[in-house]
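Commentary on secondary and tertiary structure
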Amino acid sequence: MTNIQRIPIILLITIAIALFSYPAMAAEKIKVVTTTTDLASIARYVGGDKVEVTSLATGREDPHHIAAKPTYMIAAREADLWIRIGMELEIGYEPLVLDGSRNEKIRIGSEGHLDTSSGVLRLEVPTQKVDRSMGDVHPQGNPHYMLDPLNGRIVAKTIARRLAKLAPEHAAYFTERLKAFRKELDEHMFGKELVNKIGGGKLWEYQLKGRLETVLGKEKGALGGWYVKMNPHLGKKMITYHRNWSYFVHRFGLNATMQLEPKPGIPPSPGRLTEVIQHVKDQKIEVLIMANYFSRQACDLVAEQTGITVVELPMFPGAIPEATDYIALFDILVERVMSAYENKGG
Ligand SMILES: [Zn+2]
């Protein structure tokens, strides 16, 4: 064998060693698969460099109409932890993906399967028996709970705890990352000054009791963040396309009076649109919000007839390029809703 022929063999061996040792290095990370990008964003934050996170959805699709794909099963096959929203949001594809993955670690009920809906604040939990005639109503309540930043804060803890269970050697690290996430979220919600002075946990507690400004007294001038941006619009009316904004509307004290959809998941008929147009005129409603995965057609029709401002919003991180993560998503939601009201002179 000549020297010239030997060099490529040595190169090949080097490449082979690199290739074989790569999976071993990667295996040290906890492989997390989430159904939605909001969960992925929080799992990345809390898990830091100890996790490798993949989201099945991209953030641009209607979360009710995601179909199982072979690529989802491939992602799930390797997962150590599966994280879902729950409350039946993933009912259309999760069973197929879990079965197709043949991964025992992430079966429902096992440590590698996490439903983050336990512990969140829920809205619109039906008090009567649900049937199909009511449209796409979820028997456990409205599943779009991640659009309340307080629920994101709760979910971060749920994820941190489960990661610590799977990798107890990194428990302290996950706790630190959770603290950092919560601090960043709280500073965006209430402003840095009071979070540093009083603590985000206390501020949320006062806010939940409806006593935030009373407790703060003179210090309320130090409030900032999303709270201060949305507060001038407290109680203002809006209509929405679908009930996916209930949590956002509730957290910021807005008043959603009607949906374009006559029932959840049922597109508006011409008759329904006539009712909506009448309602907007009677109630003098200025803002209509819709997730950007819906078609604008029906919303634009209402706008032509009434002058209402249509605000297209990303519902998940990744829905638009600027929505880079969970916190950036709320920056955009708050900014767009606030501007819509301000441009109306309200
Ligand atoms: Zn929905």
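Residues numbered from 1 in each chain as written. Predicted model: local features only at pLDDT ≥ 70, side-chain atom pairs only at ≥ 80, totals over all residues.

**As for the overall build of the protein chain**
Test applied: The helix and strand labels rest on DSSP assignments: H or I over at least four residues marks a helix, E over at least two residues marks a strand, and numbering proceeds from the N terminus. Any residue with 12 or fewer other C-beta atoms within 10 Å of its own C-beta is exposed, any with 20 or more is buried, and the rest are partly exposed; the C-beta atoms used are placed from the backbone. Contact between two residues is assigned whenever their backbone-derived C-beta positions fall within 7 Å.
On a plain count of helices and strands, the protein chain comes out with 14 helices and eight strands. For the C-alpha atoms alone, the extent of the protein chain along its principal axes is close to 90 × 50 × 45 Å. Burial statistics for the protein chain: of 346 residues in total, 40% are counted as buried. Expressed as a percentage of contacts within the protein chain between residues at least 6 apart in sequence, the contacts between residues at least 24 apart total 61%.

**Examining the domain arrangement of the protein chain**
Basically, it comes down to this: Residue ranges assigned to each domain were obtained from an automatic or database domain assignment. Here the term charged refers only to Asp, Glu, Lys and Arg, the term nonpolar to Ala, Val, Leu, Ile, Met, Phe, Trp, Tyr, Cys and Pro, and the term polar to all other amino acids, Gly among them.
Split into domains, the protein chain comes out as domain 1 (11-183), domain 2 (191-223) and domain 3 (233-343). The C-alpha centroid of domain 3 is placed 28 Å from the C-alpha centroid of domain 1. Listed per partner, the contact involves 26 residues of domain 1 and 20 residues of domain 3. Counting only elements with at least two residues in the side of domain 1 that touches domain 3, the list comes to helix H2 (37-47) and helix H5 (149-166). Split by residue class, the side of domain 1 that touches domain 3 holds eight nonpolar, eleven polar and seven charged.

**Re the sheet that holds strand S8 (residues 309-313)**
Put simply, the rule reads: By definition, two strands form a pair when at least two bridges between them are found by DSSP. Only the stretch in contact is used when a helix axis is fitted, and all axes are lines through C-alpha atoms; the angle between N-to-C directions ranges over 0 to 180 degrees.
What the four strands build is an open sheet, ordered S6-S5-S7-S8; its pairing is parallel. Edge strands, defined here as strands with exactly one partner in the open sheet, are strand S6 (255-259) and S8. If you compare each strand with its neighbour and ignore which way they point, the axes differ by 30° on average. Two strands pair when backbone bridges link them, and strand S7 (residues 287-291) and S8 are joined in this way by five bridges, in the parallel orientation.

**A closer look at the nonpolar core**
Stated precisely, the cut-off is as follows: To count as a nonpolar core, a set of buried Ala, Val, Leu, Ile, Met, Phe, Trp, Tyr and Cys residues must be joined through C-beta atoms within 7 Å.
Counting residues in hydrophobic clusters, the biggest one holds 85 residues, and the most contacted among them are Val32, Ile42, Ala43, Val46, Ile159 and Leu288. With eight residues, the top contributor of residues to this core is helix H14 (residues 326-343). Apart from the residues within four sequence positions on either side, Ile159 is in contact with Ile42, Ala43, Val46, Ile83 and Thr116.

**Overview of the sheet that holds strand S3 (residues 81-84)**
Spatial strand order, S2-S1-S3-S4: four strands in an open sheet with parallel pairing. Each having just a single partner strand, strand S2 (51-55) and strand S4 (113-115) make up the two edges of the open sheet. Here the average twist between neighbouring strands, direction ignored, is 20°. Two strands pair when backbone bridges link them, and strand S1 (residues 30-34) and S3 are joined in this way by three bridges, in the parallel orientation. Looking across to S3, one finds that Val32 is bridged to Leu81.

**Here's the deal with the environment of Trp226**
Along the chain, Trp226 falls in helix H10 (residues 225-230). For the pair Trp226 and Asp38, spaced 188 residues apart in sequence, the C-alpha separation works out to 18 Å. Aside from chain neighbours lying at most four places away, what touches Trp226 is His188, Met189, Phe330 and Val334.

**Overview of helix H8 (residues 200-208)**
Just so we agree on the cut-off: Our arc is simply the arc of the directions from the helix axis toward the C-beta atoms.
Listed in full, the buried residues belonging to H8 are Gly200, Leu203 and Trp204. All buried residues of H8 lie within an arc of 100° about the axis, which places them on one face of the element. Elements that come into contact with the buried residues of H8 comprise H5, helix H6 (171-190), helix H7 (192-197) and helix H9 (212-216). Once H8 finishes, Gly210 follows within two positions and takes phi at roughly 70°, a positive value.

**Quick word on the environment of Leu114**
Here Leu114 is to be found in strand S4. The exposure class of Leu114 is buried, given the 25 C-beta atoms found within 10 Å. Considering only alpha carbons, one finds Leu114 and Leu178, 64 residues apart in sequence, at a separation of 17 Å. When residues no more than four places from it in sequence are discounted, the contact partners of Leu114 are Leu81, Trp82, Ile83, Thr158 and Arg162.

**With respect to the packing of helix H3 (residues 70-77) against helix H4 (residues 94-101)**
The test is simple: The labels follow the angle: roughly parallel below 35 degrees, roughly antiparallel above 145, roughly perpendicular from 65 to 115, and oblique for the rest. In a left-handed crossing the near helix is turned counterclockwise from the far helix by less than a right angle, and in a right-handed crossing that turn is clockwise.
Where H3 meets H4, the axes come as close as 8 Å, and the angle between the chain directions of the two elements is 55°. Comparing their axes, H4 and H3 come out oblique. Two packed elements cross with a definite hand, and for H3 against H4 that hand is right-handed. The segment H3 lies against H4, with Tyr72, Met73, Ala76 and Arg77 engaging Val97, Leu98, Gly100 and Ser101. Residues of the contact of H3 with H4, tallied by class, amount to five nonpolar, two polar and one charged.

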